[in-house]
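Results of the structural survey
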Amino acid sequence: MADQLVVAAVLVDDLSAPTRALAARRTRPESLAGRWELPGGKVEPGEDPVAALRRELREELEVDLEVGAELEAPGSLPGWPLTAGLVMRVWWCAVASGEAHAGEAHDALAWVDAASINDLAWLTPDLPVVDAIVARLAPA
Ligand code: CDP
């Protein structure tokens, strides 16, 4: 069976010169609660991935997105591998309208810069993505 696609946003303060990115602390399931992630979720059958990204961020954080370039996975991988059976595609994004609020899926949000991003307890599969983000963030 094909991998389930998960989409996530690197929501940044400024798409052309990003200095800070938004991290969200999960509330569920219990095994992942308290860990930080790039917000996003599963693409539904037949759904366009970027449409899914917009839907997830509206549902989870109450923001409409400006979607920028994809944060390409290394090599020729189709996305960033998560746990078995899940693969994640990630896009640089900015808030087009609204202000990010934690809903049910998260109990805290944090805008982090290159110096503080690694202070958070990220979901393990997000760590390689975080490394790629740090390499692209300008000093705050
Ligand atoms: O809310 P929905 O069921 O659509 O998806 P989710 O629970 O947010 O994400 C599905 C799975 O992808 C989670 O169980 C996490 O294991 C994984 N995930 C991740 O590793 N890193 C992220 N930034 C987002 C999701």
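The present account deals with the structure reproduced in this document. Within each chain, residues carry numbers counting from 1 in the order of the written sequence. Only residues with pLDDT of at least 70 get local features here, since the model is predicted, and only at 80 or more are side-chain atom pairs given and counted; chain-wide, interface and lining totals rely on the full set of residues. Hydrogens are left out, water is left out, and the side-chain values use all remaining heavy atoms of the structure.

1. Describing the pattern of salt bridges
Any carboxyl oxygen of Asp or Glu within 4 Å of a side-chain nitrogen of Lys or Arg constitutes a salt bridge here. In this structure the tally under the stated criterion is nine salt bridges. Taken together, the shared-partner salt bridges in this structure form one network comprising Glu44, Glu47, Arg55, Glu56 and Glu59.

2. A word on the site of the ligand
Proximity criterion: a residue is near a molecule or strand once any of its heavy atoms comes within 4 Å of it. What surrounds the ligand is a group of 15 residues, the closest being Arg26, Leu38, Lys42, Glu56 and Asp126. Polar contacts here mean pairs of N or O atoms no more than 3.5 Å apart (in protein, one a potential hydrogen donor and the other a potential acceptor; neighbouring residues in sequence count only if both atoms are side-chain atoms). Between the ligand and the protein, one listed contact pairs an oxygen atom with a side-chain N or O atom of Arg26 at 3.0 Å. Note that an oxygen atom of the ligand is positioned 2.9 Å from one of the backbone N or O atoms of Lys42. The Shrake-Rupley method, run with a 1.4 Å probe, gives the accessible areas here. Residue values count only the displayed protein chains as cover. In isolation the ligand has 520 Å² of accessible area, and contact with the protein removes 79% of it. Elements are defined by DSSP. Helices are runs of H or I of four residues or more, strands are runs of E of two residues or more, and each kind is numbered from the N terminus. Among the secondary structure elements, those contributing two or more residues to the shell around the ligand are β4 (40-42) and β7 (86-97).

3. Focus: the environment of Pro74
Looking at the secondary structure, you find Pro74 in the loop between β5 (64-71) and β6 (80-81). We call a residue buried when its accessible area falls under 20% of the maximum for its residue type, exposed when it is over 50%, and partly exposed in between, using a 1.4 Å probe and counting protein chains only. Exposure remark for Pro74: the relative accessible area of 48% places this residue in the partly exposed category. Spatially, the C-alpha atom of Pro74 lies 9.6 Å from that of Pro128, the residues being 54 residues apart in sequence.

4. Some points on the sheet that holds strand β2 (residues 20-26)
With respect to topology, three strands assemble into an open sheet ordered β3-β2-β8, the strand pairing being antiparallel. Each of the sheet's edge strands pairs with one partner strand only, and the pair in question is β3 (36-37) and β8 (106-113). At least two DSSP bridges between two strands are required for those strands to pair. Where β2 lies against β8, seven bridges are found, and the strand directions are antiparallel. Residue pairing across strands places Ala21 opposite Val112, the latter belonging to β8.

5. Concerning the nonpolar core
In this text, buried Ala, Val, Leu, Ile, Met, Phe, Trp, Tyr and Cys residues form a nonpolar core when linked through side-chain atoms within 4.5 Å. Counting 25 residues, the largest nonpolar core has Val10, Leu71, Val90 and Ile133 as the members making the most contacts within it. At the level of secondary structure, the elements contributing two or more residues to this core comprise β1 (4-11), β2, β7, β8 and α2 (127-134). Residue contributions to this core peak at four residues, all from α2. Non-local contacts of Val10, meaning those with residues more than four positions away in its chain, are made with Ala21, Leu38, Leu71, Val90, Trp91, Trp92, Cys93 and Ile133. Formed by 16 residues, the second largest nonpolar core is a distinct cluster that contains Leu5, Ala52, Val87 and Trp91. Any two residues having at least one pair of non-hydrogen atoms within 4.5 Å are treated as being in contact.

Everything listed here is a matter of geometry and, on its own, says nothing about what the molecule does.
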